[in-house]
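Commentary on secondary and tertiary structure
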Amino acid sequence: MIDIYAGPSAAKAIKEQGMTPDLFSTFLGASGGPKWFTLFGLDKYLFGEFFKERNTTLNLLGSSAGAFRAACFAQNDPVAAISRLAKSYSETRYSSNKAKPEEITIKARELLSTVFAENGIQEIIDNPVFKAHFIVAKSNGFVASENKLMQLMGLSKSYLANRLNRRFLNKQYERYVFQPSDSQLSFSDNNTFNTHTIELSEDNLADALLASGSIPLVMQGIKNITGTPPGMYRDGGIIDYHFDLNIHNDGLILYPHFNNKPKAGWFDKSLKRGITPKNYDKVVMITPSAEFVASLPYGKIPDRTDFTELDADTRIKYWRQVLSETERLGEAFDKLCEHPIEPKIQIIT
């Protein structure tokens, strides 16, 4: 039902101490849009049960869909918040399967309003335990333009530069991490992206979160976020799609993910390039098993192509079934934690 992958240090800690919540100091949430639906049941279990009694800091670091999830986990009722996100996102309808960025952006703002409910923004800012961090990519040059042709030219330049070396993207993109004022999260990046930290506030949290999920060409970028230099801010997954960061904090890193082959950045999706193994030394990655994925409708996990390849009624029915089926993943992880058996761990290399 679920597979466990871990770096060498993480595997050693789990074998010696079991899968206990106190082992972890950081939680990662990756980009991937509706691919996240396969983790819904696991997310509810983790923040409704596994971390329920936690009283020490857990840093939540996310980009795009992972940032949206972090915003749910940092609210007072994380299960209710993540359920609102799943329902609203999965039931989104557009005027056509070729909706324009303006319409998609409007729908995304409506989605955030639903996720925040009455007091979600303040709850995220004030949470003393679950510290949300949203990654956003400041875009420079042609990729900052809302003109489709110019944006395509900028993205083509990014694609070619990244094929040569991921470091060559640092002229076009800068990493901005929106975080609580008292954040102690620390990481380094061997690809030398300029990284800036911005304090989350009532004035910038919604825009920062929306920017973190603003996919180029699909959505409008977010301009001039409060507290940041003037400019265009887009999807954090451009830089940190599935993460390749050396996180310095003590403790292990829990990383529920929809597959076992993480890619560092958005432009790495079509490349064989993997992550840096040493950066995953303390990572515990939980993924749906191949058998579980094969059991889903269409034998795959949801993705953004479902918006264009399926009519709305078919897509929504499909996604609802996936969300329901993922309850089994939470149950599987519960059994793994409760029973004194050594889980089968595959080492990340």
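Scroll up to find the structure.
The rules we used
- Residues numbered from 1 in each chain as written.
- Predicted model: local features only at pLDDT ≥ 70, side-chain atom pairs only at ≥ 80, totals over all residues.
- Heavy atoms only, no water.
- Helix = DSSP H or I, 4+ residues; strand = E, 2+ residues; numbered from the N terminus.
- Rg over C-alpha atoms; globule rule 2.2 N^0.38 Å.
- Buried < 20%, exposed > 50% of the residue type's maximum accessible area, 1.4 Å probe, protein only.
- Contact = heavy atoms within 4.5 Å.
- Areas by Shrake-Rupley, 256 points an atom, 1.4 Å probe, with all protein chains shown as cover.
- Lys, Arg positive; Asp, Glu negative; His and termini not counted.
- Charge placed at Lys NZ, Arg CZ, Asp CG, Glu CD.
- Expected span 1.5 Å × (residues − 1).
- Arc of directions from axis to C-beta.
- Pairing = 2+ DSSP bridges.
- Salt bridge = Lys/Arg side-chain N within 4 Å of Asp/Glu carboxyl O.
- Right-handed = clockwise from strand over helix to strand, strands pointing away.
- Axes fitted to C-alpha atoms, helices over the stretch in contact; angles between N-to-C directions.
- Parallel < 35°, antiparallel > 145°, perpendicular 65-115°, else oblique.
- Nonpolar A, V, L, I, M, F, W, Y, C, P; charged D, E, K, R; others polar.
- Polar contact = N/O pair within 3.5 Å; in protein donor to acceptor, adjacent residues only side chain to side chain.

1. Points about the overall build of the protein
What the protein contains, in helices and strands, is twelve helices and 13 strands. Relative to the compact-globule value of 20 Å for 349 residues, the protein shows a C-alpha radius of gyration of 19 Å, a close match. Along the longest, intermediate and shortest principal axes, the C-alpha atoms of the protein span 55 × 45 × 40 Å. Evaluated residue by residue, the protein yields a buried proportion of 56% over its 349 residues. A separation of at least 24 residues holds for 77% of the contacts in the protein among residues at least 6 apart in sequence. On the protein, roughly 15,100 Å² of surface is accessible, and the fraction owed to carbon and sulfur atoms is 50%. Here the protein holds 40 positive side-chain charges and 40 negative ones, and the gap between their average locations is 9 Å.

2. A closer look at helix α4 (residues 78–90)
The first and last C-alpha atoms of α4 sit 18 Å apart over 13 residues, in line with the 18 Å expected at 1.5 Å per residue. The complete set of buried residues in α4 reads Pro78, Ala81, Ile82, Leu85, Ala86, Tyr89 and Ser90. Around the axis of α4, the buried residues are gathered within 145° of arc, so they sit on the same side. At its buried positions, α4 is contacted by α2 (40–50), α3 (65–73), α5 (101–116), α10 (306–309) and α11 (312–325).

3. Notes on the pairing of strand β4 (residues 130–139)
In terms of residue burial, β4 counts as a mostly covered element, since ten of its ten residues are buried. Burial of β4 is two-sided: the residues Phe130, Ala132, Phe134, Val136 and Lys138 facing one way and the residues Lys131, His133, Ile135, Ala137 and Ser139 facing the other way are all buried. By the bridge criterion, six bridges tie strand β3 (residues 58–63) to β4 in an arrangement that is parallel. The partner of Leu60 across the bridge, within β4, is Ala132. Summarising the sheet, β4 and strand β5 (residues 173–179) pair through six bridges and their orientation is antiparallel. Bridging from a neighbouring strand, Ser139 pairs with Tyr173 of β5. Pairing between β4 and strand β9 (residues 232–235): four bridges, direction antiparallel. If you follow Val136 over to β9, its bridge partner there is Asp235.

4. So, the pattern of salt bridges
Under the criterion given, the structure shown has 15 salt bridges. As a salt-bridge pair, Glu327 and Lys44 come within 2.5 Å of each other at their nearest N and O atoms. Of this pair, Glu327 sits in helix α12 (residues 327–338) while Lys44 sits in helix α2; the two residues are 283 residues apart in sequence, bridging distant segments of the chain. For the salt bridge of Asp268 with Arg273, the shortest nitrogen-to-oxygen distance reads 2.8 Å. Assessed through its relative accessible area of 1%, Asp268 is described here as buried.

5. Some remarks on α2
α2 sits mainly inside the fold: ten of its eleven residues count as buried. For α2, the set of buried residues is Phe40, Gly41, Leu42, Asp43, Lys44, Tyr45, Leu46, Phe47, Gly48 and Phe50.

6. Considering the pairing of β3
Within a regular strand, the side chains alternate between the two sheet faces. Within β3, six of the six residues are buried, leaving the element largely enclosed by the surrounding structure. Residues Leu58, Leu60 and Gly62 of β3 are buried on one face, and the alternating residues Asn59, Leu61 and Ser63, pointing to the opposite face, are buried as well. As defined by bridge partners, strand β2 (residues 24–29) adjoins β3 across four bridges and the pair is classed as parallel. Counterpart to Phe27 in the pairing with β3 is Leu60. A crossover connection joins β2 to the parallel β3 through α2; in handedness this β-α-β unit is right-handed.

7. Some points on the packing of α11 against α12
Relative to each other, α11 and α12 sit at 15°, their axes nearing to 4 Å. For the element pair α11 / α12, the angle class is roughly parallel. Contacts from Leu323, Ser324 and Glu325 in α11 reach Glu327, Arg328 and Leu329 in α12. Here the contact of α11 with α12 is composed, by residue class, of two nonpolar, one polar and three charged.

8. Side note on the side chain of Thr326
By the secondary structure assignment, Thr326 is in the loop between α11 and α12. Within the structure, Thr326 has its side chain in polar contact with the backbone oxygen of Leu323 (distance 2.7 Å). Once residues within four sequence positions are removed from consideration, Thr326 is found in contact with Phe37, Thr38, Leu39, Phe40, Gly41, Leu42 and Phe292.

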